[in-house]
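Fold and geometry: a report
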Number of protein chains: 2
Amino acid sequence: MNNEWICQLQNKLNEDQCSMSSSEKYRHSHDESDHVPVEPDLVCFPESTEDVVAIVQIAQQAAIPITPFGAGSGLEGQSIPFKGGISLNFERMNKVIKFSPEDLLITVQPGITRLQLNHLINRHGLQFPIDPGADATIGGMVANNASGTTAVRYGVMRDQVIDLEIVLADGTRLHTGTKAKKSSSGYHLTGLFTGSEGTLGIITEITLKLHGISEHTIAASCTFETPHQCAEAAHMILLSGIPIQRMEFVDAYSISKVNRYGNYGLPEKHSLFFEFAGMKSAVEEEANLAKELIMDMNGENWRVAADSEERAMIWKARHEMAYAYRHQAGMTITGGDVCVPISKLPELIDYARELIVESGLEGGILGHIGDGNFHTAIAYDTTDPKQRLSAEYINEKLAYRAIKLEGTCTGEHGVGLGKMKYQDAEHGAAVAVMKNMKKMLDPSNLLNPGKIFT
Amino acid sequence: MNNEWICQLQNKLNEDQCSMSSSEKYRHSHDESDHVPVEPDLVCFPESTEDVVAIVQIAQQAAIPITPFGAGSGLEGQSIPFKGGISLNFERMNKVIKFSPEDLLITVQPGITRLQLNHLINRHGLQFPIDPGADATIGGMVANNASGTTAVRYGVMRDQVIDLEIVLADGTRLHTGTKAKKSSSGYHLTGLFTGSEGTLGIITEITLKLHGISEHTIAASCTFETPHQCAEAAHMILLSGIPIQRMEFVDAYSISKVNRYGNYGLPEKHSLFFEFAGMKSAVEEEANLAKELIMDMNGENWRVAADSEERAMIWKARHEMAYAYRHQAGMTITGGDVCVPISKLPELIDYARELIVESGLEGGILGHIGDGNFHTAIAYDTTDPKQRLSAEYINEKLAYRAIKLEGTCTGEHGVGLGKMKYQDAEHGAAVAVMKNMKKMLDPSNLLNPGKIFT
Ligand SMILES: Cc1cc2nc3c(=O)[nH]c(=O)nc-3n(C[C@H](O)[C@H](O)[C@H](O)COP(=O)(O)OP(=O)(O)OC[C@H]3O[C@@H](n4cnc5c(N)ncnc54)[C@H](O)[C@@H]3O)c2cc1C
Ligand SMILES: Cc1cc2nc3c(=O)[nH]c(=O)nc-3n(C[C@H](O)[C@H](O)[C@H](O)COP(=O)(O)OP(=O)(O)OC[C@H]3O[C@@H](n4cnc5c(N)ncnc54)[C@H](O)[C@@H]3O)c2cc1C
């Protein structure tokens, strides 16, 4: 390998901005998924957009791939430097560029995490509500179009972003939008770069909409006999028009897992978890209406969190589900991320349960039921290739069924390496347009190559 | 001119699907703007996606431009067939393809208008809330990324669309999305085609999110001494977190105009109009809080509409503003459509007023103040080129100032012919990417040529 480009980068950047240490290479070889790790040749830590431009230009000249790296919390191998080259880590680009509480806007660098961001703005009565569980970077969340528990109320990442600064493969620096709340000017590049997983350009600045923190919040939970009933109840709540803030489904199996992991003492039944937020009287009215609907549908164990501590506990338990499965020696998990029109959800959840039972593997179902989105968490023994295949088979069957039900193979985790094989089935003739776009913006295929399209 | 393509189209379609009558040519030569009319050579009325594909293929072969035509209510000349050729009128493609109240979704053909759509779904307790005043087609609203009075609550057209069927310039038919509420799969083509004004592809099917009709609605209005105070009050209401459904500003000048036009008897002062909607107790709480805030800021004439009739009257008056200006023999109007971060609004409104006063022309300011978006309506004598220039000068100064304030030259009306000259100033280096996208998707430049980019 001709390593002149490494010398060039080392000359261009400060010494501590380039690393070839084995620990850094290892750290940047994987994300939180079970995809096969690949090490980069070099890890770079840009400190400014100018650094990113310089790195991109040197990489372009030497035809070296660049894979941006956020917090590495992705679940589809998106930040794995599949073809080696440079892993571009944004942890030093984590500053607030401009905070405009008066406009409910903030401009940040991509490496800031969502908890860092909220820590800064919460004291101003503002929040950035998108919550993928992990403490992901805002850049990674934009690149994956992440969402999570609050999407049912606030939408997904793409709905929050009004402007991006992008560095293109050739080093061109551009803004995709303005700071106005809406615009009908030009083509919508903001939405295009959002969710493009670092394959079309590198994000160096992000302007986000902020939201006020609600005056009052109520968390509640209930249980049902079957996952099917949970899905039907969730559907009913949505149709009632209650502006629910969170509505999560966790099956009995996963509840028992997380109880053992964190000693939560939750009733070990198929459960729905709710959050209502807004002005006090409205929120109380909403929670009461939800309770009535739940009771009408034979829900049980309706429980309103007594205080903010219990409320926090509920969401902590929800967020620990994934870890609860992984927390078994020699075991790892893989998981689906299907999303369908809400009326198709009961059918698809039943199908997921069937597949898990058939496989003989341990697995749970949980998800953002208000969006029609759920995950399977299938545990398998990493030393047993047959188990791995069985787990993968569940994912595959579920993805194709979701597509058949007019849904998507990935509601929020993104394509990365794991969902590439479903792109043709899901997007048909549109795939050719997407590939042409990639070719147009990255003709040498150096930006996160090997992802999204086969 | 070689007219073989016309014969081919006449052979391919039914006789009544092609027209060269002078009345049809005239109808399709202009929209509601003051841009110079251009007649098409032929008007086609497709009845199916297959018809659209056939028309596109014949046009492609003969290198004939195609300009889609919705209701012709655009304000920037978007549907004017600037280079002649075919005007593609969608009035016969106005069917509902699939109504899924259980999923809060509907799939329609592009020619259905928003009133037709609401007429069909309101009886199911559902609404499609985006309201640009005019009874535009859904296809035209998607193509322009229209919005209007309710965007402050529901967002813009782009936020409502989850899937489009597109016919590309080469006749390829594709879907940009699925029927799932959210997805992180592939590139976001739905958002890209939305707002592309028929320049990237032709929309033949649209899947929209629907919303429940609120249990209770309150309309109210108040007045202030200056537009500046109105803007500040609007800003305060937004920061308070009240989930306002509509919040409109109309200056005193425009109020007097509409009073004379429709005999509304509104107080002839700078005014804000509000709508609150939701559950009864919540809405009442919100309206009271808004009133308190208004009073604290020295607002006057707080008035809550006594009944649904008075409520309808208020919004009718608001929607008639444009017509009130035009309703003068020999006069036409032109108008800006700037949108800026909400904190910059008072400054920009003051500037607009200055420009109008300086020009000596008659003009008002009104707009969707909750989004930071407002319009100027400048009346001028069509026979006086100097007046026309003065009016255009106001638009121009205002657009550049909005861009300087980190806003946009068009919040909702689109680019068309009128806002082309601001694209470089607003989008900078991104314009080259947009132009490449156009070239990639429409290499022969036959889809609505002469729009968006110079
Ligand atoms: C326990 C757990 C729960 C989770 N729950 C959810 C959930 O509910 N919803 C959800 O959506 N996700 C969830 N995730 C997945 C993950 O948190 C998200 O995908 C998140 O967006 C990843 O962000 P990251 O900063 O870790 O990015 P990484 O994983 O480091 O990278 C993700 C992608 O972004 C690209 N990227 C990063 N920075 C940039 C940049 N500056 N410019 C261009 N591209 C860039 C990378 O190249 C890569 O393609 C969960 C993960 C875990 C571990
Ligand atoms: C009194 C008045 C008030 C208005 N207020 C507002 C407002 O508040 N907010 C707002 O956003 N707008 C407003 N408008 C502008 C107008 O209503 C919108 O721009 C609307 O989107 C135009 O829709 P249309 O069906 O009339 O489309 P047209 O004007 O016919 O066409 C608009 C564009 O859409 C393209 N198009 C149409 N159909 C298709 C298709 N099937 N495929 C691809 N491209 C297509 C056309 O080629 C053209 O580029 C107002 C207009 C008037 C007259």
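Parameters and conventions
- Residues numbered from 1 in each chain as written.
- Chains lettered and ligands numbered in written order.
- Predicted model: local features only at pLDDT ≥ 70, side-chain atom pairs only at ≥ 80, totals over all residues.
- Heavy atoms only, no water.
- UniProt positions renumbered as here; feature names shortened; annotations may be inferred.
- Core = buried A, V, L, I, M, F, W, Y, C linked by side-chain atoms within 4.5 Å.
- Buried < 20%, exposed > 50% of the residue type's maximum accessible area, 1.4 Å probe, protein only.
- Contact = heavy atoms within 4.5 Å.
- Near = heavy atom within 4 Å.
- Polar contact = N/O pair within 3.5 Å; in protein donor to acceptor, adjacent residues only side chain to side chain.
- Areas by Shrake-Rupley, 256 points an atom, 1.4 Å probe, with all protein chains shown as cover.
- Helix = DSSP H or I, 4+ residues; strand = E, 2+ residues; numbered from the N terminus.
- Nonpolar A, V, L, I, M, F, W, Y, C, P; charged D, E, K, R; others polar.
- Least-squares fit on C-alpha atoms with pLDDT ≥ 70 in both.
- Arc of directions from axis to C-beta.
- Expected span 1.5 Å × (residues − 1).

Per an unreviewed UniProt entry, chain A is named D-lactate dehydrogenase (cytochrome), and its organism is Planococcus versutus. What UniProt records for chain A under Sequence similarities (unreviewed entry) is the sentence "Belongs to the FAD-binding oxidoreductase/transferase type 4 family."

Here's the deal with the nonpolar core
Nonpolar side chains in soluble globular proteins tend to end up buried together. A:F128, A:I138, B:F128 and B:I138 are the most contacted members of the largest nonpolar core, which totals 84 residues. B:I138 has contacts with B:V108, B:P110, B:I112, B:T113, B:R114, B:L117, B:F128, B:M157, B:I206 and B:L208, leaving out every residue within four places of it along the chain.

What about the site of ligand 2?
Residues and elements named next belong to chain B. Not every one of the 36 residues close to ligand 2 is listed here, only the nearest: P68, G70, S73, P132 and T137. At 2.6 Å from an oxygen atom of ligand 2 is found a main-chain nitrogen or oxygen belonging to P68. Between ligand 2 and the protein, one listed contact pairs an oxygen atom with a backbone N or O atom of G74 at 2.9 Å. When the free accessible area of ligand 2 is taken as 990 Å², the share hidden by the protein chains comes to 97%. Contributions of two or more residues to the shell around ligand 2 are made by β3 (66-69), α5 (138-144), β10 (202-209) and α12 (308-326). Top element by residues in the shell around ligand 2 is α5. It accounts for five residues. Of the residues in the shell around ligand 2, the class split is 16 nonpolar, 17 polar and three charged.

A few points about the relation of the copies chain B and chain A
Overlaying chain B on chain A yields an RMSD of 0.0 Å, the required transformation being a rotation through 180° with an accompanying axial translation of 0.0 Å. Classification of the inter-copy transformation places it as that of a two-fold axis. Among all C-alpha atoms of chain B, that of B:A282 lies closest to the rotation axis, at 2.5 Å. Comparing contact sets, 100% of the residues at the interface of chain B also lie at the interface in chain A, consistent with an isologous, same-surface contact.

Examining the UniProt feature "domain: FAD-binding PCMH-type" (unreviewed entry) in chain A
Under the feature "domain: FAD-binding PCMH-type" (unreviewed entry), the UniProt entry names residues 36-213 of chain A. Taken end to end, residues 36-213 of chain A has its terminal C-alpha atoms 41 Å apart, with 24% of it in helix and 24% in strand.

Quick look at helix α1 (residues 4-12) of chain A
Residue and element names in this part refer to chain A. Among the residues of α1, W5, I6 and L9 are the ones counted as buried. Each buried residue of α1 sits inside an arc of 105° when the element is viewed along its axis, so together they form one side. The exposed set on the far side of α1, more than 90 degrees from its buried face, consists of E4 and N11. Those residues of α1 that are buried are in contact with β1 (18-19), β2 (42-44), α3 (49-62) and β4 (86-89).

Observations concerning helix α11 (residues 280-296) of chain A
Here α11(A) is 17 residues long and its end C-alpha atoms lie 25 Å apart, about the 24 Å a rise of 1.5 Å per residue gives. Along α11(A), the residues that are buried comprise A:A282, A:V283, A:E286, A:A287, A:A290, A:L293 and A:I294. End-on view of α11(A): buried residues confined to an arc of 130°, all on one side of the axis. In this structure, α11(A) carries A:E292 and A:D296 as exposed residues pointing more than 90 degrees from its buried face. Looking at the buried positions of α11(A), the neighbouring elements they touch are β12 (216-224), α9 (227-239), β14 (270-278) and β15 (300-304) of chain A together with α11 (280-296) of chain B. Positive backbone phi, approximately 65°, marks A:N298, located one or two places after α11(A).

Here's the deal with the environment of A:T199
Considering the arrangement of structural elements, one finds A:T199 in the loop between α8 (189-193) and β10 (202-209). Residue classification places A:T199 among the buried positions, given a relative accessible area of 1%. As a C-alpha pair, A:T199 and A:L168 span 31 residues in sequence and 9.8 Å in three-dimensional space. Not counting residues within four places of it along the chain, the set of residues in contact with A:T199 comprises A:K438, A:D442, A:L447, A:N448, A:K451, A:I452 and B:Y187. At 2.6 Å, the side chain of A:T199 and the backbone oxygen of A:S196 are in polar contact.

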